[in-house]
Amino acid sequence: MAFELIALPFDSAALEPAISARTLSYHHGKHHKAYIDKTNAAIEGTDLADADLETVIAKARGSNQGLFNNSAQSWNHGFYWYSLSPEAQQPSGDLAKKIDASFGSFDELKKKLAERGAGHFSNGWVWLAAKGDTLSIEETHDGDTLVDTGTLPLLTIDVWEHAYYLDHQNLRPDYLKQVIEGHINWAFAAENLARGTAWKYPA
Ligand code: MN
């Protein structure tokens with residue numbers, strides 16, 4: 001069973017001007033695809049050939065850095081596409097309550113998410129995550145992921161330069177502000193929180 005490049009869950013121009021169709025054509029069509037292709041090539045003919053992506057990541061962590069990087073990046077990008085929304089949304093229900101309890105307010109969460117994403121050194125990911133009833137902002141470097149760590153990922157934003165450079169050049173804070181204010185899929189974050197187990201990359 002080979003992993004597939006999942007389709008974007010929105011039209012490729014739907015996030016403009018925060019993220020352009022041109023950025024997505026490279027980011028999804030070239031970068032994400034390359035991570036998938038390299039993962040498939042690395043597991044072909046091994047005992048991981050029929051494993052799900054989450055198992056590949058967990059088995060590769062600490063033992064096969066190349067496979068870990070490519071499999072974790074395959075998962076992270078799928079999760080990122082689902083973390084994005086064409087329309088601005090507001091968190092509601094249990095998610096909204098836990099945001100207020102953990103950060104003081106929704107505005108404070110958005111401010112902290114933007115600050116942590118902008119301050120992250122070099123390539124990586126900024127996440128909203130849950131551990132028990134407490135929500136937190138987490139950062140991972142390069143291809144690292146939360147999926148196999150026991151900290152529940154609710155949403156992520158890619159802060160690698162390839163995520164924003166064509167649209168915003170060096171201005172990562174502008175990319176983050178536009179994404180956080182207008183294009184976060186809070187309904188997806190709420191689904192992840194309610195399920196209580198990590199999102200699974202579609203088979
Ligand atoms: Mn990326």
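Each chain carries its own residue numbering, running from 1 in the direction its sequence is written. Selection of residues for local features in this predicted model requires a pLDDT of at least 70, selection of side-chain atom pairs for listing and counting requires 80 or more, and totals for whole chains, interfaces and linings are taken over all residues. Hydrogens and water molecules were not included; the side-chain quantities draw on all heavy atoms of the structure.

A. Molecular detail of the overall build of the protein. Numbering of helices and strands runs from the N terminus, with a helix taken as a DSSP run of H or I at least four residues long and a strand as a DSSP run of E at least two residues long. A tally of regular secondary structure across the protein gives eight helices and three strands. Counted from the first residue to the last, the protein has its helices and strands arranged as α-α-α-α-α-β-β-β-α-α-α. The quantity called the radius of gyration is restricted to C-alpha atoms. Its globule counterpart is 2.2 Å times the number of residues to the power 0.38. The C-alpha radius of gyration of the protein comes to 16 Å, within 12% of the 17 Å expected for a compact globule of 203 residues. For the protein, the C-alpha atoms occupy an extent of roughly 50 × 40 × 30 Å along the three principal directions. Accessible area is worked out with a 1.4 Å probe on protein chains only. A residue is then buried under 20% of its type maximum, exposed over 50%, and partly exposed in between. Out of the 203 residues in the protein, the part that is buried amounts to 49%.

B. Spotlight on the packing of aromatic side chains. Two rings from Phe, Tyr or Trp (for Trp, the six-membered ring) form a pair when their centres are within 6.5 Å of each other. A pair whose planes differ by under 30 degrees is stacked, one over 60 is edge-to-face, and the rest are tilted. A full pass over the atoms with the stated rule returns 16 aromatic pairs. A centroid spacing of 5.2 Å and a plane angle of 80° characterise the contact between Phe-106 and Trp-186, whose relative ring orientation is edge-to-face. A residue pair is termed long-range when its members are at least 10 positions apart, and Phe-106 in helix H5 (residues 106-119) and Trp-186 in helix H8 (residues 186-195) qualify at 80 residues. Taken individually, Phe-106 and Trp-186 each receive the classification buried, so the pair is uniform in this respect. For the ring pair Phe-188 and Trp-199, a centre distance of 6.2 Å and an interplane angle of 80° mean the geometry is edge-to-face. Placement of Phe-188 in helix H8 and of Trp-199 in the segment after H8 is noted, with a sequence separation of 11 residues between them. A residue is classified by how much of its surface remains accessible, and Phe-188, at 4% relative accessible area, is buried. Three or more aromatic residues joined by ring pairs form one cluster here, namely Trp-75, Phe-79, Tyr-80, Trp-81, Tyr-82, Trp-125, Trp-127, Phe-188, Trp-199 and Tyr-201.

C. Expanded view of the nonpolar core. Of all hydrophobic cores here, the largest spans 60 residues; its most connected members are Ile-157 and Trp-186. For this core, the element with the highest residue contribution is helix H3 (residues 65-83), accounting for seven residues. What Ile-157 contacts, discounting residues up to four positions off in sequence, is Tyr-80, Leu-113, Gly-124, Trp-125, Val-126, Tyr-175, Leu-176, Val-179, Ile-180 and Ile-184. Nonpolar cores were defined as sets of buried Ala, Val, Leu, Ile, Met, Phe, Trp, Tyr and Cys residues, with membership established by side-chain atoms within 4.5 Å. Residue contacts are defined here by distance: any two heavy atoms, one from each residue, within 4.5 Å place the two residues in contact.

D. Just the packing of H5 against helix H7 (residues 172-182), in detail. Only the contacting stretch of a helix is used when fitting its axis, a line to C-alpha atoms as for every element, and angles between N-to-C directions run 0 to 180 degrees. Between H5 and H7, the shortest axis-to-axis distance is 9 Å and the interhelical angle comes to 150°. Judged by the inter-axis angle, H5 sits roughly antiparallel to H7. Remark: the crossing between H5 and H7 carries right-handed chirality. On H7, the residues touching Lys-110, Leu-113, Ala-114, Gly-117 and Ala-118 of H5 are Arg-172, Pro-173, Leu-176, Ile-180 and Glu-181. Split into classes, the residues belonging to the contact of H5 with H7 amount to six nonpolar, one polar and three charged. Each angle is binned into one of four classes, with values under 35 degrees roughly parallel, values over 145 roughly antiparallel, values of 65 to 115 roughly perpendicular, and all other values oblique. It is the rotation of the near helix from the far one that decides the hand of a crossing: anticlockwise by less than a right angle makes it left-handed, clockwise makes it right-handed. Polarity classes work like this: nonpolar for Ala, Val, Leu, Ile, Met, Phe, Trp, Tyr, Cys and Pro, charged for Asp, Glu, Lys and Arg, and polar for all others, with Gly in that last group.

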